[in-house]
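# Structure assessment
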Amino acid sequence: MKRRLPVKIEPVVAPEIIESARQSLSMERPARAAKCVVCGDQASVDPTEQLCWVCRRLKISAWRDADHQLPAQE
């Protein structure tokens, strides 16, 4: 029984093409997004409210809770 020689795998795409694709991707990336003022995570694009989606949801939920409690206090 003969041992098989390892098959040499040739790259399908030339390394030059792969490198040019990497460079074009790095150039297309947008500038860093703003950070959330509460937790420091990546914030939404809205400049008026620099909150991540989690903190924004918590804020909306807190508003809803406060709105439901106001009539009970009066």
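The structure this text deals with has already been given above.
Let us look at the structure shown here. From a predicted model like this one, the values you see are computed outputs, not experimental measurements. (Residues numbered from 1 in each chain as written. Predicted model: local features only at pLDDT ≥ 70, side-chain atom pairs only at ≥ 80, totals over all residues. Heavy atoms only, no water.)

This part is about the overall build of the protein. A tally of regular secondary structure across the protein gives 2 helices and 0 strands. Of all 74 residues assigned to the protein, the portion counted as buried reaches 9%. Roughly 7600 Å² of accessible area belongs to the protein as shown, and the carbon and sulfur atoms make up 57% of that amount. (Helix = DSSP H or I, 4+ residues; strand = E, 2+ residues; numbered from the N terminus. Buried < 20%, exposed > 50% of the residue type's maximum accessible area, 1.4 Å probe, protein only. Areas by Shrake-Rupley, 256 points an atom, 1.4 Å probe, with all protein chains shown as cover.)

Attention shifts here to the pattern of salt bridges. Counted under the stated rule, the structure contains 2 salt bridges. Arg56 is paired through a salt bridge with Glu49; the nearest N and O atoms lie 2.9 Å apart. With a relative accessible area of 17%, Glu49 lands in the buried category. The residue Glu49 makes a salt bridge to Lys59 at a minimum N-O spacing of 2.5 Å. In this pair, Glu49 is assigned in the loop between helix 1 (15–28) and helix 2 (53–73) and Lys59 in helix 2, connecting sequence segments 10 residues apart. (Salt bridge = Lys/Arg side-chain N within 4 Å of Asp/Glu carboxyl O.)

On to the environment of Gln50. Here Gln50 is to be found in the loop between helix 1 and helix 2. Note on Gln50: relative accessible area 34%, which makes it partly exposed. In this structure, the C-alpha to C-alpha distance between Gln50 and Ala34, residues 16 residues apart in sequence, is 7.0 Å. Once residues lying within four places of it in the same chain are set aside, the contact partners of Gln50 are Ala34, Lys35, Cys36, Val37 and Ala43. (Contact = heavy atoms within 4.5 Å.)

We now examine a nonpolar patch on the surface. Taken together, the side chains of Val12, Val13, Ile17 and Ile18 make up a nonpolar region of the molecular surface, amounting to roughly 380 Å² of accessible area. With respect to the secondary-structure elements, Ile17 resides in helix 1. (Patch = residues over 30% accessible without salt bridge, like charges linked within 9 Å, V, L, I, M, F, W, Y side chains within 5 Å.)

Another point: the side chain of Glu49. In this structure the side chain of Glu49 is engaged in a polar contact, spanning 2.9 Å, whose partner is the side chain of Arg56. A distance of 2.5 Å separates a polar atom in the side chain of Glu49 from a polar atom in the side chain of Lys59. Residues within four places of Glu49 in sequence aside, it is in contact with Ser44, Arg56 and Lys59. (Polar contact = N/O pair within 3.5 Å; in protein donor to acceptor, adjacent residues only side chain to side chain.)

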